[in-house]
Amino acid sequence: MLTISGGEPRTASTEAAGILWYDRPAERWFEALPIGNGRLAGMVYGGTDAERVRLSESTAWSGAPSTTDVSPTALGALPTVRRLLFAGCHAEAQQLANEHLLGRPVSFGTNVPLPVVRLDFEDSETPRNYRRALDLDTGIVSVEYDQDGTHFVRETLASHPHGVIALRITADQPGAVSFTVSLDEATVPGRTIGTDTGIAFSGHAFESLHSNGRQGTALEIRVQVEVEGGAVRRQAAAFEVVEADSALILIGVGTDWAGDDPVNRVDTLVAAASVAGYEALRALHVHDHSSMMRRVSLDLGATAEDVGDLPTDLRRERFAKGERDDGLIAVYFQYGRYLTVAGSRADSPLPLALQGLWNDGLASSAPWTNDFHLDMNTEQNYWAAEPTNLAECQAPLFRLIHGLAETGRATATQMYGAPGWVAHTVTNAWGYSAPGWGAGWGLNVTAGVWIALQLWEHYEYGRDEQFLRDQVYPVFREAALFLLSYLVPEPDHGWLVAGPSDSPENWYVAPDGTHCSIAMGNTVDRVFAEAALRICAEAATILGVDPELRERIAVARAQLPPFQVGRHGQLQEWLHDVDEAEPAHRHTSHLCALFPERQITPRAAPGLARAAEVTIERRQSAEGWEQTEWVEANFAVYFARLLNGDKALAHLTNLITDASEANLMSYSAGGVAGAAQNIYSFDGNAGGTAAVAEMLLQSDGEEVEILPALPATWHNGSVRGLRARGGFTVDITWRDGRLHHARIRSARTAASRVRYGDETIEVAFTPGDEVAVRLE
């Protein structure tokens, strides 16, 4: 049975988050190491002949805002498409939808890659004792080696407090630091000049694949070089350092996104960083970064063989061959947190894009763009934020959502003749809310609700009523108003259904054999319609407002279609029991009923939970299964919600070994979704971190469940600092595969049920309380 007692005061964690290290320089992007300050990012290669730092910046976007993205014939065609679908004329409805309902962007745009800051060193002997590392706790990439009788050390960091990238080179012999710095591999138009202190680039984020080639942000880059000893020489488009004792390179990037002055930004940031000096800049950076990383620690116990001294790429290769390495899983967990901290801060102008903050140039040159995908990827980017104690990292996402709610009002009116707001499958830096421009993926009409769930999650974890009033309720109230107008009764049962829309990004086989994507009553829309209406009503009840709206919502919720099990035992993806046109398709959008929603749970609805599992089994066993990074992360969290830790671990392992690279950054597999080669995608890293958190702790606002999906092989371990809905922070220790003790702290007066397996206990908390839970 579970027992409770008073807890002991918790001390701040001093456990390091982990280190990625390598015994040779990076030759590929997927070997380089990422740094970021929430806006400006770099991939550090650590070469000895030449150092390369590939730059990215979140607001370096092509394209521009537009008011003509919605098809002018959409509203008129909508009733006809619905009538055809209800009548079973799927092919005709699909053709009409393709002609009239899809979006028509003129200059959608993409986040674009920036040039490489390149340092070319003098020819020297082959280096010895080489080590390149990323310390997740400090956020510093270090490179050390011996060459020509000199020990060289380089440190590179992206400072959030100072807003710049700093690279410092030191040597243990005087006059040993010589190099030429330049900008290389620029894909955007601009001009580079040498200055008295370094180099400067002025250009524009123009490209013509996803925009008209004439629109995009203005762009400024400054590279300032400071030396101790030696000499410097200005060149036409470069800057040379000769025989210095040490050197400091400060890199600033600015754009004119949202009316900013890019010249003033870069000059101000670089000047302030120069005045502070490297030691102060470094100390402030480490304090800022580590204070967030140290909120959570994870120990999965010792493995049978100590492999911690092996380079990270070799550990990953061993892991892929079946060698156990729980320590690498723990590093991967913290790596997802590291990338979240480095990529998204409270003051970041934009949230994490498809590639987070690290643009490899491949997504922006692919058929899809480096934008914000709202039919899974952007949501998955932030799955780890709340449970792993990085709540403030969601702030830029909240601003994006509020911007969508603004632009989405016009889309709701123009396309659907409805009040409220709507957004579809993709958006950009300019607030795009119209449908996408492709059949099969573009018409996900509840994608706006999907991403808005992150607002509700933030409230659930913190229970800040002012946040609920100011940021959550206005968004969900208008989303509910849209749905109450948009949902229509289907003729057979009178159920209220959404449509015409896609179940992104899958197609089905219509009764006449036609492959179609447009349908009425897709399960994914049922899930998010229920979520939006429920949340709106619950928030209104808490705030004591809108009683008439609550009544309308109650009536509508009672008329939503039930979940259905198809003839294969699967959870139906569509209203009718039709087969997938692509049985191996990567998307399982209807399983959002499992996660992030809890509309299907193994305890409350075991039959539906089993049907969800059958869906996963059928997809994975189909020939040509589209295994890719976010899918493995999805399946890991799905199985965690299904309380199957061993299967969750299997998919987490696949994510690390089959969908992450040498630098542990996850990728979208080449050959899938039109990708010609493996392309970095942030979602796998964050999704993997979220999966581990779900395996160790789950909550729904009424119950906190400890170790709900602990894998059998994780015999001993501990986690500190995870967050649970209701305002709780939880530490857990387990021994021999069973709970040893947990400590739960509350930030507010609250009561919660605590569960471990079939054992439950009711616990009352006052602010600041800590309760110890043990299994007797």
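Just above sits the structure.
Calculation notes
- Residues numbered from 1 in each chain as written.
- Predicted model: local features only at pLDDT ≥ 70, side-chain atom pairs only at ≥ 80, totals over all residues.
- Heavy atoms only, no water.
- Helix = DSSP H or I, 4+ residues; strand = E, 2+ residues; numbered from the N terminus.
- Contact = heavy atoms within 4.5 Å.
- Salt bridge = Lys/Arg side-chain N within 4 Å of Asp/Glu carboxyl O.
- Buried < 20%, exposed > 50% of the residue type's maximum accessible area, 1.4 Å probe, protein only.
- Core = buried A, V, L, I, M, F, W, Y, C linked by side-chain atoms within 4.5 Å.
- Axes fitted to C-alpha atoms, helices over the stretch in contact; angles between N-to-C directions.
- Parallel < 35°, antiparallel > 145°, perpendicular 65-115°, else oblique.
- Left-handed = near helix turned anticlockwise from the far one by under 90°.
- Nonpolar A, V, L, I, M, F, W, Y, C, P; charged D, E, K, R; others polar.
- Phe/Tyr/Trp six-rings, centres within 6.5 Å; stacked < 30°, edge-to-face > 60°.
- Patch = residues over 30% accessible without salt bridge, like charges linked within 9 Å, V, L, I, M, F, W, Y side chains within 5 Å.
- Areas by Shrake-Rupley, 256 points an atom, 1.4 Å probe, with all protein chains shown as cover.
- Lys, Arg positive; Asp, Glu negative; His and termini not counted.
- Charge placed at Lys NZ, Arg CZ, Asp CG, Glu CD.
- Polar contact = N/O pair within 3.5 Å; in protein donor to acceptor, adjacent residues only side chain to side chain.
- Expected span 1.5 Å × (residues − 1).
- Disulfide = S-S within 2.5 Å.

A. Spatial organisation of the environment of Arg534. Topologically, Arg534 is positioned in helix H11 (residues 523-543). Filtering out sequence-adjacent residues up to four positions away, Arg534 remains in contact with Arg557, Glu597 and Gln599.

B. Here's a closer look at the pattern of salt bridges. All told, the structure shown has 49 salt bridges when counted by the stated rule. A salt bridge links Arg52 to Glu185; the shortest N-O distance between them is 2.7 Å. Here the residue Arg52 occupies a position in strand S5 (residues 50-57), and Glu185 occupies one in the loop between strand S11 (177-184) and strand S12 (190-194), the gap between them amounting to 133 residues. Given a relative accessible area of 18%, Arg52 falls into the buried group. The closest approach of N and O atoms between Glu613 and Arg610, which form a salt bridge, is 3.6 Å. On the criterion of helical spacing, the pair formed by Glu613 and Arg610 is a turn pair, its members being 3 residues apart in helix H13 (residues 606-621). Given the relative accessible area of 41%, Arg610 is considered partly exposed. Ionic contacts of the salt-bridge type, sharing partners, join the residues Glu530, Arg534, Arg557 and Glu597 into one network.

C. A look at the nonpolar core. Counting residues in each nonpolar core, the largest one holds 238 residues, and the members touching the most others are Phe179, Trp358, Tyr416, Phe476, Leu696, Trp714 and Ile732. Judged by nonpolar contacts, the second largest core, of 12 residues, contains Ile140, Val164, Leu248 and Ala273.

D. View of the environment of Ala238. By secondary structure assignment, the location of Ala238 is in strand S16 (residues 238-244). Residue class for Ala238 comes out buried when judged on its relative accessible area of 8%. For Ala238 and Pro351, which are 113 residues apart along the polypeptide, the C-alpha to C-alpha distance reads 33 Å. Every residue in contact with Ala238, bar those within four places of it in the chain, is listed here: Thr180, Val181, Ser182, Gly194, Gly198 and Ile199.

E. How the structure looks around the packing of helix H1 (residues 74-86) against helix H2 (residues 90-100). Following both chains from N to C, one finds H1 and H2 inclined at 165°, their axes separated by 9 Å at the closest point. Judged by the inter-axis angle, H1 sits roughly antiparallel to H2. Crossing geometry of H1 relative to H2 is assigned as left-handed. Each of Ala74, Ala77, Thr80, Val81, Leu84 and Leu85 in H1 lies in contact with H2, whose residues at this interface are His90, Glu92, Ala93, Leu96, Ala97 and His100. Within the contact of H1 with H2, the residues separate by chemical class into 8 nonpolar, 3 polar and 1 charged.

F. Just the packing of aromatic side chains, in detail. In total, this model carries 24 aromatic pairs according to the counting rule given. Where Phe121 meets Phe179, the ring centres are 6.1 Å apart and the plane angle is 65°; that geometry is what we call edge-to-face. Here Phe121, found in strand S6 (residues 116-121), pairs with Phe179, found in strand S11; they are 58 residues apart in sequence, far enough to count as distant. For the pair shown, Phe121 and Phe179 are each scored as buried. Summarising the aromatic geometry, the rings of Trp358 and Phe682 are spaced 6.4 Å apart at their centres and angled 0° between planes, so their arrangement reads as stacked. Of this pair, Trp358 sits in the loop between helix H6 (326-343) and strand S19 (372-373) while Phe682 sits in the loop between strand S26 (679-680) and helix H16 (683-696); the two residues are 324 residues apart in sequence, bridging distant segments of the chain.

G. Fine view of unusual backbone geometry. Cis geometry marks the peptide bond from Gly499 to Pro500, where omega comes out at 5°. Tracing the sequence through the fold places Pro500 in the loop between strand S22 (496-497) and strand S23 (508-509). For the bond running from Phe595 to Pro596, omega is 10°, close enough to zero to count as cis. Mapping Pro596 onto the fold places it in the loop between helix H12 (547-558) and H13. Its identity as a non-glycine residue notwithstanding, Leu664 has a phi of 65°, on the positive side. Its place among the elements puts Leu664 in the loop between helix H15 (645-658) and strand S25 (667-668).

H. Representation of a negative patch on the surface within the structure. A surface patch of like charges, here negative, comprises Asp49, Glu122, Asp123 and Glu243. Structurally, Glu122 can be placed in the loop between S6 and strand S7 (128-135).

I. Here's a closer look at the side chain of Asp731. In this structure, Asp731 sits in strand S30 (residues 728-735). At a separation of 2.9 Å, a polar atom in the side chain of Asp731 contacts the main-chain amide nitrogen of Gly721.

J. Region of the structure containing H11. End to end, H11 covers 30 Å across 21 residues, agreeing with the expected 30 Å (1.5 Å per residue, within 8%). Most of H11 sits inside the fold, with 17 of its 21 residues counted as buried. The positive-phi residue at the C-terminal boundary of H11 is Gly544, with phi of around 70°.

K. Here's a closer look at the state of the cysteines. Per the stated rule, a full pass over the model turns up 0 disulfides. Looking at Cys536, it has no disulfide partner, and the nearest cysteine sulfur is the one in Cys592, 19 Å off. Exposure remark for Cys536: the relative accessible area of 1% places this residue in the buried category.

Everything listed is a geometric property; what it means functionally is a separate question.
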